[in-house]
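Notes for the structure review
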Amino acid sequence: MGVSHISNRSEKPSERWSRRGILTVLGVVPAAVLTGCSGSAGAAESASSGGASATASVKAAKTPTVTVSPADGTKKADFSAPVTVTVTDGTFATVEVTGNDGSTLAGTFNAAKTKWTSTKNPYSGTKYTVAAQAQGAAAKTATFTTKSPGETFVGYFTPEANSTSGVGMPVSINFTHAVKDRAAVQKAITVTAEPAVEVVGHWFSDTRLDFRPETYWAAGTKITLSLRLKDVEGQDGVYGIQSKDVIFHIGREQISTVDLSSKEMVVKRDGKTLATYPVSGGNAQHTTWSGIMVISERFKQTRMESSTVGLGDEYDISDVPHAQRLTTSGTFVHGNYWASTSVFGHENTSHGCVGLHDAKGANNTSVAGYKFYDSSMLGDVVVVKNSGEKTVAADNGLNGWNLSWADWKAGSAV
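Described in the following lines is the structure provided in the data block. (Residues numbered from 1 in each chain as written. Predicted model: local features only at pLDDT ≥ 70, side-chain atom pairs only at ≥ 80, totals over all residues. Heavy atoms only, no water.)

1. Focus: the overall build of the protein
- Helix and strand counts for the protein stand at six helices and 27 strands.
- When each of the 414 residues of the protein is scored for burial, the buried share is 40%.
- Contacts in the protein between residues far apart in sequence, at least 24 positions, make up 62% of those at least 6 positions apart.
- For the protein, the computed accessible surface area is about 21,400 Å², with 52% contributed by carbon and sulfur atoms. (Helix = DSSP H or I, 4+ residues; strand = E, 2+ residues; numbered from the N terminus. Buried < 20%, exposed > 50% of the residue type's maximum accessible area, 1.4 Å probe, protein only. Contact = heavy atoms within 4.5 Å. Areas by Shrake-Rupley, 256 points an atom, 1.4 Å probe, with all protein chains shown as cover.)

2. Here's the deal with the nonpolar core
- Phe175, Val185, Ile189, Val191, Phe211, Leu225 and Leu229 are the most contacted members of the largest nonpolar core, which has 33 residues in total.
- Sorting the residues of this core by element identifies strand E11 (171–175), strand E12 (189–194), strand E14 (208–212), strand E15 (222–228), strand E18 (243–250), strand E22 (291–294) and strand E27 (381–385) as the ones contributing at least two each.
- Discounting chain neighbours no more than four positions away, the residues touching leucine 225 are Phe157, Val171, Ile173, Ile189, Thr190, Val191, Lys244, Asp245, Val246 and Phe248. (Core = buried A, V, L, I, M, F, W, Y, C linked by side-chain atoms within 4.5 Å.)

3. Re the side chain of lysine 263
- One can find lysine 263 in the loop between strand E19 (254–259) and strand E20 (264–269).
- Notably, lysine 263 is buried but unbridged: the nearest opposite-charge side chain belongs to aspartate 259, and the N-O separation is 7.8 Å.
- At 3.2 Å, the side chain of lysine 263 and the backbone oxygen of serine 261 are in polar contact.
- Aside from chain neighbours lying at most four places away, what touches lysine 263 is Tyr277, Pro278, Val279, Gly345, His346, Glu347 and Asn348. (Lys, Arg positive; Asp, Glu negative; His and termini not counted. Salt bridge = Lys/Arg side-chain N within 4 Å of Asp/Glu carboxyl O. Polar contact = N/O pair within 3.5 Å; in protein donor to acceptor, adjacent residues only side chain to side chain.)

4. What to know about the pattern of salt bridges
- A complete count under the given rule lists ten salt bridges for this structure.
- One salt bridge connects aspartate 206 with arginine 182, and the closest N-O pair in it is separated by 2.6 Å. In this pair, aspartate 206 is assigned in the loop between strand E13 (200–205) and E14 and arginine 182 in helix H4 (residues 182–187), connecting sequence segments 24 residues apart.
- Judged by relative accessible area, which is 29%, arginine 182 ranks as partly exposed.
- Between aspartate 380 and arginine 252 there is a salt bridge whose closest N-O contact spans 2.8 Å. In this pair, aspartate 380 is assigned in the loop between helix H5 (368–375) and E27 and arginine 252 in the loop between E18 and E19, connecting sequence segments 128 residues apart. Taken individually, aspartate 380 and arginine 252 each receive the classification buried, so the pair is uniform in this respect.
- Three or more residues are tied together by salt bridges with common partners; here these are Lys180, Arg182 and Asp206.

Listed below in structure tokens is the structure:
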């Protein structure tokens, strides 16, 4: 017993506690392992979550950058290219471009809404303000000013704005500079009619472009001329400056036919004979142009001097009554008070004009010259036949009707 007791007491402390220690360790280790596994997964998850959050924060922290071309503050920007606005690290909500002249530039976004491009070029000599709003960001504002063109041109048009003309009146435009790029200039000009009809332009020269339909305008037609020549380059370094709409009207139809074989003129108004007048045309040495002519100028009285038409000093009459111009070269239909009344209807005695009996002073309402003048307007058609002369050139006055429709369209640049 005693030995036994001594034996038990002789156990080393380390041996005595070894099993409990092992059990304790066995009990702790699984917990530690589980805790370790759990802790490792949580830490990895936390790290992963923290990284994504950080990335998102970085992305969220990036501010959209807006770039305008022409650049903000440019003083002499090019006006021959569109305006572009781009954004990085974002997308556009709105883009507005306005000029100090009150104009606005329309434009379109690309599919990603990261780029806006104006549909037309900016105007010259204009200050523009660009207001660009990216999604979720403050608006970006930029300004630039386009340069002014060096040389410019304009187109002077016939007839006058808001005027009423006869059915033969073309729309004729004369340019102050020769046009080399005819297609560009013609595309910038449109002529439309109500009631609608096809209207085509024809170039007679580098400085003249006329528009007409296939046949005379219908009575009562409203014509709109739209000039969009501003910043159109007619030739190198020469730009148009006009941007406007002009309205003309066509009145009643009056067509007068002069037969110099029978020496009479028949005037028809809207298809019905209005009057018949005896006339005198050009003599054998100075025949009258034949063909279709349009009244382009009207004078109650005017001076006619032979030297201006290459005929020396054959005549100089200061008060020719009721003169209406038919050609640029000097053909008129006019009153004549100095010839015997027996001439009209019987002889062709003029230097190329068509004459009607008239009275000095242009106030006698009973004579043919007065009556015809009183019934006429700019744009009325006068047809001359059997004159012994060839057909008048289409560009000698407003006389493009002498060209066939095919030949007229062949003179178009578009």
